[in-house]
Amino acid sequence: MGRSWFIFFVALIYSCTSPEKEISRTNSSEDRFYIDIPFDQEYHQGYTISPSEAMANDVRAIQPDQNGTIWVATKNGMYSKKTNSDLWQLQITGKDQGPGYDVAIDNENNIWLATWNGVYRHGRNGIEKLKDPKPPIAKLVVAQEGVYALGPYGIWLFRDDQWVEKKYGTARSIRAAASDGKGGLWIGTDVGLYHVKEGQKAKVYQQNEDLVSAYVKGIDTDDRGRLWIGCMGGTTIRNEQGVVRHLRPEHGIPNAMVNVVKKSPQGTMWIGTDYGITRFTPGDSVYSVRLSKRWLQSDEVRDIAFDKEGNAWIATAEGVSAIRKTEMTLSQKADYFYDQLIRRHVREPWIVARSKLTIPGDTTTIEPDDDDNDGEYTAMYLAMESFRFAATGNPEAKRRAKKAFDFLHYLREVTETDGFFARTIIPVSWEKSHDMNRTYTEREIAEAIIENPRQKPVEIRWHVSSDGKWKWKGDTSSDELCGHLFGYYWYYTLVADADEKERIAAHFSKIMDHLIRNDFNLTDVDGSHTKWGVWSPRLLNKDPEWAPERALNSLELLAFLKFTYHITNDEKYQKEYINLIENEGYLENAKRLHTTNPAWETYFDIYLSLYIYPSLVQLEKDQVLKGMYREHLQKWFDKHRNTKSPFLNFTYNLLANNNEGLDDSIEFLKDAPLDLVDWYIDNGRREDLQVVRQPILEELQVALRPPSEYRTIRWDRNPYQAVSGNPAQEREPVYWLLPYWMGRYLTLIRDQKNTRKEGELLVKDV
């Protein structure tokens, strides 16, 4: 489906006065930070040539003209689209309509069309069919000496208003052609690469040492004058002396079937394949890949061309894609994401969550949706607004942070229990939700218990509030409480006034008292602990089925108690905390977190740890214990820093008072796509990547790629996953905004103060 991105940037005026903070900003000996310089942000715009004629979307070639009109050759004929229009018009109609094969533009802005029945030229007087070249015509080449037409029946040069046939003696299977700039042609065929020139014998390259393979479908020249030849199997780079290098899938080409090679105006070489596009900067080992509906109408790429603004236009098997770019700063990107967040991902009473798309991928069909982790991710939003307020003093951030806290506060109140809190709420009018109430047969329960002896079949998961307005969801999990803690901690520390701090203390202490009364378990309205809400020493230390959760859950409970003690000054929480350390071995349990059995590791455990470190590292006053927590934090960062997560990095920067991983954080924030649809992405099909079971043993994964190449994330999602995505949902952009505002708060991201080289990371001696 054709989709348009319209980006509106709102000029926001922020106060530069920050409130009093209990936590100091980075002040390391090397005050290294990023100046927010504009960079090129890519985004995709897709086009369907015809919603009713499939052959029209089978696009073979593409060419923008100097006026911004886009011309395409399709199986159904030749079409064009004017600037700022989504309407494609058939250019050759009637008895002459038929398959098109190539499009070219000459220096006078004439458009040349290669079709099933000859060559056409579009100029000031419209379209005319030219005589002589025997059809069909496969390829067109515009050169200094004229325009070449190449097909299975010969090669012709149009010069001085007439065609002259060239007897070059090449193979008839013409797949690619390009001028050598010296009066000759490079021609790619099924049986090799030819170089031909008037008065010279044709030279053919088809030996194994000449090319990756003799099946040649793409040709272009880079800024160094080297020829890039796209073949079955990869791409060969040649200069006048011979082969410079062979690029095969293991070097960064996602599919061995290369169909096109084109140089961008910036000098980057774009290689289109049967499974996406890869881009190389000559001389640089780093490459980037564009595939999936996020970037392409179809992963089968046939042709690539660039308009005068440098945007890429791509012919695919299912329509046309434009990979456009716009100049942005991180601040402008934050404005864009924040606008998307507030308009599209906030539902009553102030729940920040992903949304569903009733037609997958169609962002005009957005509707609110519920999620098990609405509370956790609204807590991430609460933390984001807290850092935004701390960095800017913007009163709007403070007001909206309070709205988020009010919702989280209500999750406890709505249950009308002694401290148990709900996962989420939905209006009572909603007829459908996830995990609807149901019954289980004895056989189903037996199956579930055999699969997982800890399984808790919950029949009544949704309950109606006493006022009849809401349904609330029970069976609340440990990750919900960890996420809440992270939001409460930063709201209390950076935003809350005295009255609001009292509310936080009263609220969280009720949850903590509930845990204490129930042997440190979250106990649902049925009187038993929820499936995942377990921190009990009796279960963690003595039930072997809970061994996988022992280390992390021990650390979590210590953090819950430490925070509660900090905000209430009630010694009973400190006594429970010390008892768990001295008599139940909870700190010793926690020390095993980074050496846990690989069968027990899950990716989200990285971020559950992240949620609880601030309370432990910042609030512990005993220097021995504080040192242990800092050591635990350091091991966590050392183990997971290769994930290149700005959320992980900035949390560590804040707690360790440094700027480690800054380059990776900035690259992530810049590379993350504007598109929030959770597109299905199968990186397991990529031939440049190997499917492995690392870092998480139970999942199929590939090497970590930039965020533009994997699914739209939440931080609980494994970015290494080989296959993932659900285009029936649109993710909320808190995943990006939270680390951005952490970086701003830490002054590791700073507004531009003077002219700098793009993306420069400055180092200043203090």
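Calculation criteria
Residues numbered from 1 in each chain as written. Predicted model: local features only at pLDDT ≥ 70, side-chain atom pairs only at ≥ 80, totals over all residues. Heavy atoms only, no water. Helix = DSSP H or I, 4+ residues; strand = E, 2+ residues; numbered from the N terminus. Buried < 20%, exposed > 50% of the residue type's maximum accessible area, 1.4 Å probe, protein only. Polar contact = N/O pair within 3.5 Å; in protein donor to acceptor, adjacent residues only side chain to side chain. Contact = heavy atoms within 4.5 Å. Pairing = 2+ DSSP bridges. Expected span 1.5 Å × (residues − 1). Bend = angle between axes of the 7 residues up to and from the residue. Axes fitted to C-alpha atoms, helices over the stretch in contact; angles between N-to-C directions. Parallel < 35°, antiparallel > 145°, perpendicular 65-115°, else oblique. Left-handed = near helix turned anticlockwise from the far one by under 90°. Nonpolar A, V, L, I, M, F, W, Y, C, P; charged D, E, K, R; others polar. Arc of directions from axis to C-beta. Core = buried A, V, L, I, M, F, W, Y, C linked by side-chain atoms within 4.5 Å. 1 Å grid on protein atoms, 1.4 Å probe; cavity = no way out; pocket = protein on both sides within 12 Å on 5 of 7 lines; lining within 4 Å. Points joined across faces, edges and corners; volume = space filled by probe spheres on them.

## Description of the side chain of T74
Then step 1. When you line up the elements, T74 lands in strand β4 (residues 70–74).
Then step 2. Classification of T74 by relative accessible area gives buried; the value is 0%.
Then step 3. Within the local environment of T74, its side chain forms a polar contact with the backbone oxygen of G77, the two atoms lying 2.8 Å apart.
Then step 4. Those residues within four positions of T74 in sequence are excluded, and the remaining contacts are M55, A56, D58, V59, R60, Y79, G98, P99 and G100.

## A few points about the side chain of N649
Then step 1. With respect to the element layout, N649 can be found in helix α13 (residues 646–656).
Then step 2. Its relative accessible area of 1% is what places N649 among the buried residues.
Then step 3. Residues in contact with N649, not counting those within four places in the same chain, are F637, K644, E660, G661, D664 and S665.

## Section: the sheet that holds strand β3 (residues 59–64)
Two strands in a sheet stick together by hydrogen bonds in their backbones, pointing the same way (parallel) or opposite ways (antiparallel).
Then step 1. Strand order in the open sheet formed by four strands is β3-β4-β5-β6, and the pairing between neighbours is antiparallel. Two strands in the sheet have a free side with no partner beyond their single neighbour: β3 and β6 (89–90).
Then step 2. Sheet topology note: the β4/strand β5 (residues 77–81) ladder contains five bridges and is antiparallel. Bridge assignment links V72 to a residue of β5, and that residue is Y79.

## What about unusual backbone geometry?
Then step 1. The residue after P135, namely P136, is reached through a cis peptide bond having omega 0 degrees.
Then step 2. Mapping P136 onto the fold places it in the loop between β10 (126–130) and β11 (139–143).
Then step 3. Omega for the bond connecting E348 with P349 falls within 30 degrees of zero, at 5 degrees, which places this linkage in the cis form.
Then step 4. Backbone geometry places N84, a non-glycine residue, at a positive phi of 65 degrees.
Then step 5. N84 sits in the exposed class, given a relative accessible area of 81%.
Then step 6. Positive phi, normally seen in glycine, also occurs at D435, with a value near 55 degrees.

## Examining helix α11 (residues 605–619)
Then step 1. Its 15 residues place the ends of α11 22 Å apart at the C-alpha level, agreeing with the 21 Å of an ideal helix rising 1.5 Å per residue.
Then step 2. I612 marks where α11 bends most, by close to 40 degrees; the proline P614 follows one to four residues later.
Then step 3. Summarising burial for α11: 13 of the 15 residues are buried, a large majority.

## Digging into the environment of T83
Then step 1. With respect to the helices and strands, T83 occurs in the loop between β5 and β6.
Then step 2. With 19 residues separating them along the chain, T83 and P64 place their C-alpha atoms 9.9 Å apart.
Then step 3. Among residues more than four places away in sequence, those in contact with T83 are N67, G68 and T69.
Then step 4. Within the local environment of T83, its side chain forms a polar contact with the backbone oxygen of G68, the two atoms lying 3.1 Å apart.

## Quick look at the packing of α11 against α13
Then step 1. Look at α11 against α13: their axes get within 11 Å of each other, and the N-to-C directions meet at 15 degrees. If you check the angle between α11 and α13, you find them roughly parallel. Between α11 and α13 lies a crossing of left-handed hand. Of the residues in α13, those in contact with I606, Y607, L610, Y611, Y613, P614, V617 and Q618 of α11 are F647, L648, T651, L654 and L655.
Then step 2. Of the residues belonging to the contact of α11 with α13, the class tally is 11 nonpolar, two polar and no charged.

## What to know about the pairing of strand β26 (residues 287–290)
Then step 1. In the sheet, strand β25 (residues 276–280) pairs with β26 via four bridges, with the strands oriented antiparallel. Across the sheet, I277 pairs through a bridge with R290, a residue of β26.
Then step 2. Adjacent in sequence and paired antiparallel, β25 and β26 are bridged by six residues, among which G283 carries a positive phi angle near 90 degrees.

## What to know about helix α12 (residues 623–640)
Then step 1. The end-to-end C-alpha separation of α12 is 26 Å, in line with the 26 Å expected for 18 residues at 1.5 Å each.
Then step 2. When α12 is considered as a whole, its buried residues turn out to be L625, K626, Y629, H632, L633, W636, F637 and H640. One face of α12 carries all of its buried residues, which in axial projection span an arc of 135 degrees. Exposed side of α12, more than 90 degrees from the buried face: Q623 and V624 are the residues found there.
Then step 3. The N-capping residue of α12, defined by a side-chain oxygen 3.0 Å from the backbone nitrogen of V624, is D622.

## A closer look at the nonpolar core
Side chains of a nonpolar character, in soluble globular proteins, are inclined to be buried together.
Then step 1. In terms of nonpolar packing, the biggest core is built from 130 residues, with F560, F563, Y611, Y629, F647, W736 and L738 touching the most fellow members.
Then step 2. With 11 residues, helix α2 (residues 374–392) is the largest single contributor of residues to this core.
Then step 3. Y611 has contacts with E376, Y377, M380, C482, G483, L485, F486, F604 and F647, leaving out every residue within four places of it along the chain.
Then step 4. Ranked by size, the runner-up nonpolar core spans 20 residues in total, among them V258, L291, V677 and W679.

## A word on the environment of Q634
Then step 1. Along the polypeptide, Q634 turns up in helix α12.
Then step 2. Between the C-alpha atoms of Q634 and A73, which are 561 residues apart in sequence, the distance is 57 Å.

## What about the layout of surface pockets?
One water molecule sets the probe size; rolling that probe over the atoms shows where empty space is left.
Then step 1. Looking at the largest pocket, its volume works out to about 1,500 Å³.
Then step 2. Forming the walls of the largest pocket are 46 residues, and the residues nearest its centre are R279, V286, S288, E667 and D671.
Then step 3. Of all the elements in the fold, those that place two or more residues in the lining of the largest pocket are β2 (39–47), β25, β26, β29 (319–328) and α14 (662–671).
Then step 4. Per-element tally for the lining of the largest pocket: the top contributor is α14, with five residues.
Then step 5. Considered class by class, the residues forming the lining of the largest pocket number 14 nonpolar, 14 polar and 18 charged.

## What to know about the packing of α2 against helix α15 (residues 734–745)
Then step 1. Direction vectors running N to C along α2 and α15 enclose 30 degrees, while the axes themselves pass 8 Å from each other. Comparing their axes, α15 and α2 come out roughly parallel. Where α2 crosses over α15, the two elements pack in a sense that is left-handed. For the pair α2 and α15, contact is made by M380, Y381, A383, M384, F387, R388, A390, A391 and T392 and by V734, L737, L738, W741, M742, R744 and Y745, respectively.
Then step 2. For the contact of α2 with α15, the residue count by class is 13 nonpolar, one polar and two charged.

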